Amino acid sequence: MTATATPPAAVYSPALRGLQATVADSFALVMEARTGVPAKIAFDVAALLKLSADELAALLHTTTKTLRAYREGKKRLGPAASEQVLKLLALARQGEEVFGALPAFRRWLDKPAYGLDNQPPLALLETSGGIDLVADEVDRIAHGDLA
């Protein structure tokens, strides 16, 4: 079975599909982050981006054990972590659109990017501002501005 045999929307859980409009609107994203997103959403976004639980925990400045306890207890993340998770979802959508598929975008995240001072984009995703920098770089790539 080829990667093109599965429609792109199939990798999005119903919960992530329900957040599509939220992450497309900066104000709605911030309002949603203030209420906190369920920890399960963080794991869904991690699966979307092929991040391990340890990588997810590192990006959110917590431990894997804490994240799993939140998921099992059906708890919500705090506003800062929720904002990061929602911005990562928005970035995944943007990357999928620009690179044509999430696996291609994921490979790009691991490689040093010229426009990001030769840092691998994945290394910058641990802050909200870093996510913004990576999103700006993806936007530049979309518009052919590679210099």
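Up top is the structure.
Residues numbered from 1 in each chain as written. Predicted model: local features only at pLDDT ≥ 70, side-chain atom pairs only at ≥ 80, totals over all residues. Heavy atoms only, no water.

Considering the overall build of the chain
Argument step 1. Broken down by element type, the chain carries 9 helices and 0 strands.
Argument step 2. A globule of 147 residues ought to have a C-alpha radius of gyration of about 15 Å, and the chain, at 15 Å, matches this closely.
Argument step 3. Based on the C-alpha atoms only, the size of the chain along its principal axes is roughly 45 × 35 × 30 Å.
Argument step 4. A total of 147 residues make up the chain; the buried ones form 39% of that total.
Argument step 5. For the chain, long-range pairs separated by at least 24 residues make up 64% of all intrachain contacts whose partners lie at least 6 apart in sequence.
Argument step 6. About 8,100 Å² of surface is accessible on the chain, with carbon and sulfur atoms providing 57% of the total. (Helix = DSSP H or I, 4+ residues; strand = E, 2+ residues; numbered from the N terminus. Rg over C-alpha atoms; globule rule 2.2 N^0.38 Å. Buried < 20%, exposed > 50% of the residue type's maximum accessible area, 1.4 Å probe, protein only. Contact = heavy atoms within 4.5 Å. Areas by Shrake-Rupley, 256 points an atom, 1.4 Å probe, with all protein chains shown as cover.)

A closer look at the pattern of salt bridges
Argument step 1. Going through the model one piece at a time under the given rule, you end up with 5 salt bridges.
Argument step 2. Across the pair Arg106 and Glu55 runs a salt bridge whose closest N-O atoms are separated by 3.7 Å. Taken as a pair, Arg106 in helix α8 (residues 102–110) and Glu55 in helix α5 (residues 53–59) lie far apart in primary sequence, 51 residues in all.
Argument step 3. For Arg106, a relative accessible area of 11% gives the class buried.
Argument step 4. Given the relative accessible area of 30%, Glu55 is considered partly exposed.
Argument step 5. Connected through shared salt-bridge partners, Glu55, Arg106 and Asp110 make up one network. (Salt bridge = Lys/Arg side-chain N within 4 Å of Asp/Glu carboxyl O.)

Details of the nonpolar core
Argument step 1. Core analysis: the largest hydrophobic core is formed by 42 residues, its most contacted members being Leu77 and Leu125.
Argument step 2. Listed by contribution, the elements that provide at least two residues to this core are α3 (26–35), α4 (39–48), α5, α7 (79–99), α8 and α9 (128–142).
Argument step 3. Excluding residues that lie within four positions of it along the chain, Leu125 makes contacts with Leu59, Gln84, Leu88, Leu91, Leu109, Ile131 and Val134. (Core = buried A, V, L, I, M, F, W, Y, C linked by side-chain atoms within 4.5 Å.)

Here we look at the packing of aromatic side chains
Argument step 1. All chains considered together, the criterion is met by 3 aromatic pairs.
Argument step 2. On the basis of an interplanar angle of 40 degrees and a centroid distance of 5.3 Å, the ring pair of Phe99 and Trp108 is categorised as tilted.
Argument step 3. A relative accessible area of 25% places Phe99 in the partly exposed class.
Argument step 4. Taken together, a centroid distance of 5.9 Å and an interplanar angle of 20 degrees make the contact between Phe105 and Trp108 stacked. (Phe/Tyr/Trp six-rings, centres within 6.5 Å; stacked < 30°, edge-to-face > 60°.)

Digging into unusual backbone geometry
Argument step 1. The backbone phi angle of Lys50 is positive, close to 55 degrees, even though this residue is not glycine.
Argument step 2. Here Lys50 shows up in the loop between α4 and α5.
Argument step 3. Judged by relative accessible area, Lys50 falls into the exposed class, the value being 62%.
Argument step 4. Even without a glycine there, the phi angle at Lys74 is positive, about 55 degrees.
Argument step 5. If you trace the backbone, Lys74 turns up in the loop between α6 (64–72) and α7.

Considerations on α3
Argument step 1. Two to three positions downstream of the cap, the backbone nitrogen of Phe27 sits 3.0 Å from a side-chain oxygen, assigning the N-cap of α3 to Asp25.
Argument step 2. Directly after α3, the chain includes Gly36, whose backbone phi takes a positive value near 85 degrees. (Polar contact = N/O pair within 3.5 Å; in protein donor to acceptor, adjacent residues only side chain to side chain.)

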